[in-house]
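Below, each chain spelled out in residue letters.
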Amino acid sequence: MLKSLGPSQNPLLRKLARGLARLSSSMGWLSVRYPTYTLEDRLQQFKALSLPFPAGTFIRFNEFFVPYIFSGSDRDGAFALGTITEFQRGPQLQFLKRLAQGRLSEMGGRGFVDMDHLIRLLDFGRAASEIWSNMPKSSQEWVEGFVAGLNCVQAQRKRGVDEKFLGIQPEPYTPLDILLFGRLAGADVNWPIYFSLIEHRLSGDFIEWWNRLRRVGAGVSTSFDSPNSSRPSTAQQIGEFLNSLSRSGSNSIVVHGTRTQSGKPLMVNDPHLGQHLPNVWMMVGLRTPTYQCVGLMFPGVPILGLGRNPSLAWGGTNLRAASSDLVRLDDSTLHNTAEQVVKIRVRFSWSRTRKLRFSPHGPVLTDCAALGRLCGKDNLALRWAGHWPTDEITSFLQGMQAQKVEQLQQAMHGVGVTPLNVLGADTAGNIGHVLAATLPKRPSFPENDWVLAESMASEHWSVQVCARDFPSVINPAAGFIVSANNRPSEVTGLGFLFNGDDRVMRARALFNSQKRLSPHALLSLQLDVTSPLADQLSSQLAEFCRPYLRNSEQAVLCNSIDLWGGAYTADSFAALQFEFLLAALVKQLSVLRYAGRTPSLMDQWSYLSACLMEDLENLTDTERAKIVSLCVDEANRKAQHWQLWGNLHKIRLRHVLGHVPLLGKLFSSKSFPAAGSRETLMKNAHNLIRGFDETSYGSQSRHLSDLSDPDENYFVLLGGQDGWVGSQLLTDQIPLWQTRQSIQMPLRPSRIEQLFPHCIGRLE
């Protein structure tokens, strides 16, 4: 919903926004574009807090404000981790807490009431109490120490500009809040698809498009609505909002020592998530009696989702498994639901009351009016594996201690949501892959719908399967493992909306071109922006168009895309020509076949790469002659206007306040050219390009570990470590990102002291 807002296109209003930004800076207000706090300022602010660190517990910082925590006990280490998490990301955590609880209306007003109603029905915290009671004592103590650190700082720090703007009064944390954050981070990647498609189940062409979607897979988001509509429907807004919660992408690659120059494994991780401020990850180093590791942490969840310890590196990607089902409820079931009436507080308005009903198959989602109006007489409930009491925190804490790939795979047996491909490499030379998920044991999926009858839902959800029940891999013959959200195996009932193999194909081709890889070569692979399917499709389009060309300029465009190679570099002209030709052809197809309405599956790369040529070949010769010349001319005209891919396709990082009209410029970074595309290894996603485009999803952090040396671990965030609006450290890693540099995170104490010179706490 917030994406419909943004900086004004009116030049007078843009000038006014710039003036307000400069005025706010001169008055001492805080913003992203005009930061006021330096590293020294932030260190002094942290040092000024009253933090009861015991002797031997201290935090070192490098020049990018990345913390490295030392402690003689695990609980004190967790406490220190909590203090720096709240200090750097407190306002972000307070926002996420309200989001997960369905309290957006308290910050944004009445436009978010339907969102809050739906989130409360999704009930992220439903299993939290049971998870906590079943959690091992060691895990509970780690979480309790972390919560104590959060609350220690939260009680002392001042409110952030974003908290004041959104009307947030900081609240203390409990252990159940930590589990709530974990479930929020585990939102099902399929929800955006379900909710954007739900209103089309009763339409005449739904089955045709649904079966196409199942055949070609799904991208970041999918719906059947026209992408050209001036205002998205409520269902689209809900789908887009849910998509912003899910971890739907990523690359993870491990290379066996037989394929590396050092003879030891290499690992790279490249999470694909929302590109916004602050970054969704924090960079952290830990040295306690149990945990000696470095990596990336989701704020509020005290585990490293990817990283390295002295013996093991780990990472992963979203499995895109079906961890949810929608269930059509019978009338008899509806009469036996538990009912609760809740009050939703609304900023600048009166409170609203809403009904929540919970059936044996889960919450009745169609009680949310925005969905209920779209489903006719159907009442749909949600079955979600996230309502089962699975303990991901313990699994990852065990993984952080693992010494071998086999131990990492065993640790993942407890993971429920989000379903993950987890990859690992150890210093003994092993590499491996495990499917980390807890899912219903489905025999199959419905052919023409994804909504289950109650009898089928009861059958499917009666038995759970987890990582120990799925195939795992150790030391494959190829000498490397690549995971990129593609279908990992032919497990029955695992899922039905996987990504294609574009990124995997490209990685394998690059591997096969080299016998042994260096860390630098693997980094180059990680940053690659060539799409094999785009290369293939561009040549097919050139061949398709040539018989219908009318002049030499049109022939030049076809020759250009035919010879292009699929590389989305920022200085590419052919990438523009190809993308504009795609958009023009899809537009004309929609006129010929759908009366000008463009089903937005046609906007998705999965359709374009798998079905577009099929649909073009089905046109009559008269239809081809009518549209091809027009499309090539349009592509030529637009490409000549923009000249370079990077002139049109850019990254601009925005804080949540960056979407506010007029004032949004205060809370947005400067834009810069974005190489890459939808399914390149370095992803900067987009739909069909019709004009200027600012990507908001794709590569936003990087990790590389060389297991030949415990100090050879490198990370970088698109943005910065600090989440405090007004801090220079909110965006100070952007230059590193642009110049392909990164931050070293060593494991040896002597090297840590050299690279992390700023120390706060009690050494002895």
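The sections below set out a description of the structure shown in this document. (Residues numbered from 1 in each chain as written. Predicted model: local features only at pLDDT ≥ 70, side-chain atom pairs only at ≥ 80, totals over all residues. Heavy atoms only, no water.)

Right, let's talk about the sheet that holds strand E11 (residues 324–328) for a bit. In spatial order, the strands read E15-E11-E19; together these three strands make up an open sheet with mixed pairing. Every interior strand has two partners, whereas the edge strands, strand E15 (380–384) and strand E19 (451–453), have only one. In this sheet, neighbouring strand axes are inclined to one another by 40° on average, regardless of whether the strands run parallel or antiparallel. Direction of pairing for E11 relative to E15: antiparallel, over a ladder of five bridges. The residue of E15 that forms the bridge with Val327 is Ala381. (Pairing = 2+ DSSP bridges. Helix = DSSP H or I, 4+ residues; strand = E, 2+ residues; numbered from the N terminus. Axes fitted to C-alpha atoms, helices over the stretch in contact; angles between N-to-C directions.)

A few words on the side chain of Ser699. Mapped onto the elements, Ser699 comes out in strand E27 (residues 697–699). Of the residues examined, Ser699 reaches a relative accessible area of 1% and is grouped as buried. At a separation of 3.2 Å, a polar atom in the side chain of Ser699 contacts the side chain of Asp270. (Buried < 20%, exposed > 50% of the residue type's maximum accessible area, 1.4 Å probe, protein only. Polar contact = N/O pair within 3.5 Å; in protein donor to acceptor, adjacent residues only side chain to side chain.)

Okay, the packing of aromatic side chains next. Counted according to the given criterion, the structure contains 20 aromatic pairs. Arranged with centres 6.1 Å apart and planes meeting at 55°, the rings of Phe124 and Trp191 form a pair that is tilted. Taken as a pair, Phe124 in the loop between helix H5 (113–122) and helix H6 (128–134) and Trp191 in helix H10 (residues 191–197) lie far apart in primary sequence, 67 residues in all. Considered together, Phe124 and Trp191 belong to a single accessibility category, that of buried residues. Three or more aromatic residues joined by ring pairs make a cluster, and in this case those are Phe46, Phe61, Phe65 and Phe87. Lying across the ring of Trp737, Arg702 places its NZ or CZ 3.6 Å from the centre. (Phe/Tyr/Trp six-rings, centres within 6.5 Å; stacked < 30°, edge-to-face > 60°. Lys NZ or Arg CZ within 6 Å of the ring centre and 35° of its normal.)

For the rest of this paragraph, the subject is helix H20 (residues 532–545). With 14 residues, H20 extends 20 Å between its outermost C-alpha atoms, agreeing within 8% with the 20 Å of an ideal straight helix rising 1.5 Å per residue. Along H20, the residues that are buried comprise Leu533, Ala534, Leu537, Ser538, Leu541, Ala542, Phe544 and Cys545. Mapping the buried residues of H20 onto a view down its axis gives an arc of 165°, with all of them on the same face. For H20, the elements touching its buried residues are helix H18 (502–512), helix H21 (552–563), helix H22 (574–594), helix H23 (605–610), helix H24 (612–617) and helix H25 (621–642). (Expected span 1.5 Å × (residues − 1). Arc of directions from axis to C-beta. Contact = heavy atoms within 4.5 Å.)

That is the geometry; function is a separate question.
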